Structures are given as structure tokens and as C-alpha cells.
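# Descriptive structure summary
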Amino acid sequence: AGNVASAAAAAGVKRLVHVSAIGADTNGDAAYARTKGAGEEAVRAAFPQATILRPSVIFGPEDNFFNQFASLARLLPSLPVFGGRDGPRFQPVYVGDVADAAINAAFDDTAAGKTYELGGPRIYTFRQILERVLAEIGRRRLLIPVPLGLAAIVGALAQILPKPLLTRDQVLLMKRDNVVSEGALTLANMGIEATAVE
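One structure accompanies this document, and this report is about it. Note that the structure is predicted; figures quoted are calculated from it, not measured.

About the cut-offs
Residues numbered from 1 in each chain as written. Predicted model: local features only at pLDDT ≥ 70, side-chain atom pairs only at ≥ 80, totals over all residues. Heavy atoms only, no water. Core = buried A, V, L, I, M, F, W, Y, C linked by side-chain atoms within 4.5 Å. Buried < 20%, exposed > 50% of the residue type's maximum accessible area, 1.4 Å probe, protein only. Helix = DSSP H or I, 4+ residues; strand = E, 2+ residues; numbered from the N terminus. Salt bridge = Lys/Arg side-chain N within 4 Å of Asp/Glu carboxyl O. Phe/Tyr/Trp six-rings, centres within 6.5 Å; stacked < 30°, edge-to-face > 60°. Pairing = 2+ DSSP bridges. Axes fitted to C-alpha atoms, helices over the stretch in contact; angles between N-to-C directions. Contact = heavy atoms within 4.5 Å. Expected span 1.5 Å × (residues − 1). Polar contact = N/O pair within 3.5 Å; in protein donor to acceptor, adjacent residues only side chain to side chain.

### Considering the nonpolar core
Phe65, Phe66, Phe69, Leu79, Phe82, Phe126 and Leu130 are the most contacted members of the largest nonpolar core, which has 26 residues in total. For this core, the secondary structure elements donating two or more residues are helix H3 (66-75), strand S4 (78-82), helix H5 (126-137) and strand S9 (142-146). Per element, the largest residue contribution to this core is six residues, and it comes from H5. The next biggest cluster of nonpolar side chains, apart from the first, holds 11 residues, and it includes Ala101, Ala105, Met190 and Ile192.

The following block contains the structure:
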């Protein structure tokens, strides 16, 4: 991210949009959060007027979130609800809304130097997301609460696989809700009406 921002600044680019993630934090528990935070800092250092977009979990026709759980539900008799009975909260955002936000940010000079957190119109618990997926694919599965401590053990073992379904870092991310922060600039500030998962 820093290289892109430096090259853009050197080339005289007028507008730069950097896509990060909700929860980006150089002091975060998860490496994912720390690297996203470091990326934002590098972009700001090289290109202070860059617009930063922090989406929540992105959904769309080929997403790797809802579709992964749908695939698991076709194979497994039960699904884990990581983080206990309801698990962490998410505010899924539609891929088309994220694309519109990037376009708006690229052409709107008032977005320069600002950070926007992008989430959909509704917040769901992890359990509610799994229930939504099961309803959509017409399956019934037992939802089993899995405490994050146990999930961390599973993630540590699973992450040695070529394509792990869960890693220790993902478990660390689930310690925090993946929702838009209070007082953050949002899709609404960009004139975009958020699309619901439904």
C-alpha cells in the first residue's frame, strides 16, 4: 500500500482511494488488523489526501463469506458459532456499494484525506448470519456455540492446512465486533443508500 501511494504521489496523481478494513489497528491483536493499520499509516505518510475506505465483511454473488458457510452447510451436519451462543457482530456491506464508494471518493474532492467505514444497514450476530445462510439454501443444521478459546486451538491446528477454514488470526479478529464505529463517516455521507443482505 505504501509503495502504491508513493508511486501515485511521485506521478502527480490527484486522487487516491485506499481500501482497508474495519478494525484496522497497528496495535490490534490480530496480524490482519495490524497490517491493515500499517497500510493505512503508510498511505497517509506518502499521500496525505488519500481517501481510506474501511469496509466490514463484503458480500456479493461470489463472496468468500456467505458462500463458504453455505458450502459447509451442504457438507456438515452442524455449523460452529464461534464466540459463544451468538458470536461476534458483523455489518455486511454489499460489494456494489463498496465499488460506488470507491468511485465517489475518486471523483469527490471533499472526500480527500477522509476515512469512511462502510457497513450495511443492519448488524447481525454470527448466529443470525448462519441462520440467514441456512434459510437461503433451504437447509437445517444444528448451530453449536464454540468459545473463542476452543476456536483458537482449532485455528492453530487448522492453519497448517493449504486452505484452512479457520486460522488463529481469524479467531483473534472475532474478539471484536466488525461494525461501523460510532460517529464514523459512512456510505450515507457519500450519498449511498446501503443495500441490505436480504
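### Things to note about the pattern of salt bridges
For the coordinates displayed, the defined rule picks out eight salt bridges. Its salt-bridge partner being Asp86, residue Arg85 comes within 3.4 Å of it at the nearest N-O pair. The closest approach of N and O atoms between Asp86 and Arg127, which form a salt bridge, is 3.8 Å. Placement of the pair is Asp86 in the loop between S4 and strand S5 (89-90) and Arg127 in helix H5, with a sequence separation of 41 residues. The network of salt bridges with shared partners includes Glu40, Arg54 and Glu117.

### Comments concerning the packing of aromatic side chains
The full count for this structure, using the stated rule, is eight aromatic pairs. Between Phe65 and Phe90 the ring centres are 5.5 Å apart and the planes differ by 55 degrees, which places this aromatic pair in the tilted class. Of this pair, Phe65 sits in the loop between strand S3 (58-59) and H3 while Phe90 is found in strand S5, placing the two residues 25 residues apart along the sequence. Neither Phe65 nor Phe90 differs from the other in exposure class; each is buried.

### Focus: the sheet that holds strand S7 (residues 115-118)
The strand order S1-S2-S7 describes an open sheet built from three strands, whose pairing is parallel. Taken across any chain shown, the strands that pair with only one partner, and hence form the sheet edges, are strand S1 (17-19) and S7. Taken pair by pair, the neighbouring strands of this sheet meet at an average axis angle of 20 degrees, ignoring direction. Sheet strands in contact with helix H4 (residues 95-107) are S1, strand S2 (51-55) and S7, and its direction is about 170 degrees off that of S2.

### What to know about H5
Taking 1.5 Å per residue, 12 residues should reach 16 Å; H5 reaches 17 Å between its end C-alpha atoms and fits that length. Of the surrounding elements, those touching the buried residues of H5 are H3, S4, S5, strand S8 (124-125) and S9. Gly138 sits one or two residues past H5 and shows a positive phi near 70 degrees.

### Considering the environment of Asp177
Looking at where Asp177 falls in the secondary structure, it is placed in the segment after helix H7 (168-173). Placed 90 residues apart in sequence, Asp177 and Gly87 show a C-alpha to C-alpha distance of 9.0 Å. A distance of 2.9 Å separates a polar side-chain atom of Asp177 from the backbone nitrogen of Arg89.

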